[in-house]
Each structure stands twice: as structure tokens, then as C-alpha cells.
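Structural characterization, general
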Amino acid sequence: MELTIREARQEDLSQLLALYRSYHQGLLTCGMNYDLNDEALPRVLETRIRSRLILTAVAEDTGGTLLGFVFCSILRLSPEYLCQGAASVGFLNDLYVSPAARRQGLARRLTAFAETWLQENGINVMQLQILPGNAAAQAYWSSHGMTPVATICSKTLQSNDKK
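None of the values given here were measured: they were computed from a predicted structure. (Residues numbered from 1 in each chain as written. Predicted model: local features only at pLDDT ≥ 70, side-chain atom pairs only at ≥ 80, totals over all residues. Heavy atoms only, no water.)

**Some words on the overall build of the protein chain**
What counts is decided by this rule: Helix and strand labels come from DSSP, where a helix needs a run of H or I of at least four residues and a strand needs a run of E of at least two; each type is numbered from the N terminus. Within these notes, the globule rule equals 2.2 Å times the number of residues to the 0.38 power, and the radius of gyration is based on C-alpha atoms. Buried residues are those whose accessible area, probed at 1.4 Å on protein chains only, stays under 20% of the maximum for their type, while exposed residues exceed 50% and partly exposed ones sit between those limits. Note on contacts: a residue pair is in contact if any heavy atoms of the two residues lie within 4.5 Å. Areas reported as accessible are Shrake-Rupley estimates using a 1.4 Å probe. Residue values count occlusion only from the protein chains shown. Positive charge is attributed to Lys and Arg, negative charge to Asp and Glu, and no charge count is given to His or to the chain ends. Here the site of a charge means NZ on Lys, CZ on Arg, CG on Asp, or CD on Glu.
Scanning the protein chain from terminus to terminus reveals 4 helices and 5 strands. For 163 residues, the compact-globule estimate of 2.2 N^0.38 gives 15 Å, and the protein chain sits close to it at 17 Å. Along the first, second and third principal axes, the C-alpha atoms of the protein chain reach 60 × 45 × 30 Å. Per-residue burial over the protein chain gives 38% buried out of 163 residues. A sequence separation of at least 24 residues applies to 64% of the contacts in the protein chain between residues at least 6 apart. Within the structure as shown, the protein chain displays about 10700 Å² of accessible surface, and the carbon and sulfur contribution to it stands at 50%. Charge separation in the protein chain, taken as the distance between the mean sites of 15 positive and 15 negative side-chain charges, equals 5 Å.

Take a look at the structure:
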């Protein structure tokens, strides 16, 4: 399958929205505890496409169909921290390949595109989060040199309303 990895454009928005919704549905099966704000999603993706501090890249087949995406950000650290001497790190926010296009190296190509973009922007450390229930992502990222450095915990708090 011949594919092009490129930065997303405004005209990709409708296909990108459909892919992102599928991506989120998959995350829910892995333990994601955030609902998707479908009303805000188009605006959020438009902003990501336009941003210079966020990479929005897509994988496109020869017919113009989008088969995957990667979102990667440059994060400025709090002033008291440096990561390997730098005040910024790269954060791979999201990586998705549609089920029909999996097991063909597309995730690897999207990852490499994001890593190159970070390096071109002077970033030498990439971080990401993996849901504990996503064994496939854990295996993929481990095979690509990622090592755990933190655990994120969540707790639902009871309301203090005394009405």
C-alpha cells in the first residue's frame, strides 16, 4: 500500500474528525476515563492544524483517504526544571492507525515523522502517556525505546454541595 505522511491541512478536517472519533472509541475500551466533547472537537482539531507548536500529521493513501494521524506538541517545562539540559520536551499526544491499515508499518512511519519534526524544532526528548489497559500500545512503545517514568492516577471526588 502506497502512503504519504504529511502535515494535515484544513481540507482534511472531516476525515480527521471521523478518525479521531474512532480513536477515542478504542481508548474507551482500554480504560480512558474522559468523554469526548464532540461539540468542541472540530474547533480543537482546526486549532491543532494551524498551530506551529503542535504537529498534526496524517497518513494518506493514493486515493486521498486518511488512514491515520499523529499529534505531537512542544511543551515548555516549568522554569525550575530542565530535561537533559533543555527547557522543553516533545509530547506525543495521540497516534492512531485505522484498523484496516494496521500491521503495515504505518504507526512506525507516523512515529518517525513526529520524531523528525521534534528534532527539527530542537527537541531531544519525546514523552507520551499509555493507558494501562492498552497492551498493544505498551508493546509498541516499549519496542520503540520508550520507558515508563511516571504513573498518572485518577480519583472521582464527591461533591461538597450542601443544598
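**A short note on helix H1 (residues 13–28)**
Rule in force here: The span you would expect from a helix comes to 1.5 Å times its residue count less one. The arc refers to the directions leading from the helix axis to the C-beta atoms.
If you check H1, its first and last C-alpha atoms are 22 Å apart, about what 16 residues at 1.5 Å a residue would give, namely 22 Å. Listed as buried for H1 are Leu 13, Leu 16, Leu 17, Leu 19, Tyr 20, Tyr 23, His 24 and Leu 27. Each buried residue of H1 lies within a common arc of 170° when the element is viewed along its axis, so the set occupies one face. Considering only its buried residues, H1 is in contact with helix H2 (41–50), strand E2 (54–61), strand E3 (66–76) and strand E4 (88–97).

**Examining the sheet that holds E4**
Each strand in a sheet pairs with another by means of backbone hydrogen bonds, the pair being arranged parallel or else antiparallel. Worth spelling out the cut-off: When DSSP locates at least two bridges between a pair of strands, those strands are taken to pair. Angles run from 0 to 180 degrees between N-to-C directions of axes, and those axes are lines fitted to C-alpha atoms, restricted for helices to the stretch in contact.
Judged by pairing direction, the sheet is mixed, and its 5 strands sit side by side in the order E1-E2-E3-E4-E5 without closing on themselves. Strands with a single pairing partner mark the edges of an open sheet, and in this sheet they are strand E1 (3–7) and strand E5 (126–127). With 2 bridges connecting them, E4 and E5 associate as parallel partners. Its bridge partner lying in E5, Phe 91 is registered against Gln 127. Along the sheet face, helix H3 (residues 106–120) touches E1, E2, E3, E4 and E5 and points at about 30° away from the line of E3.

Any functional reading would require information beyond the geometric quantities listed.
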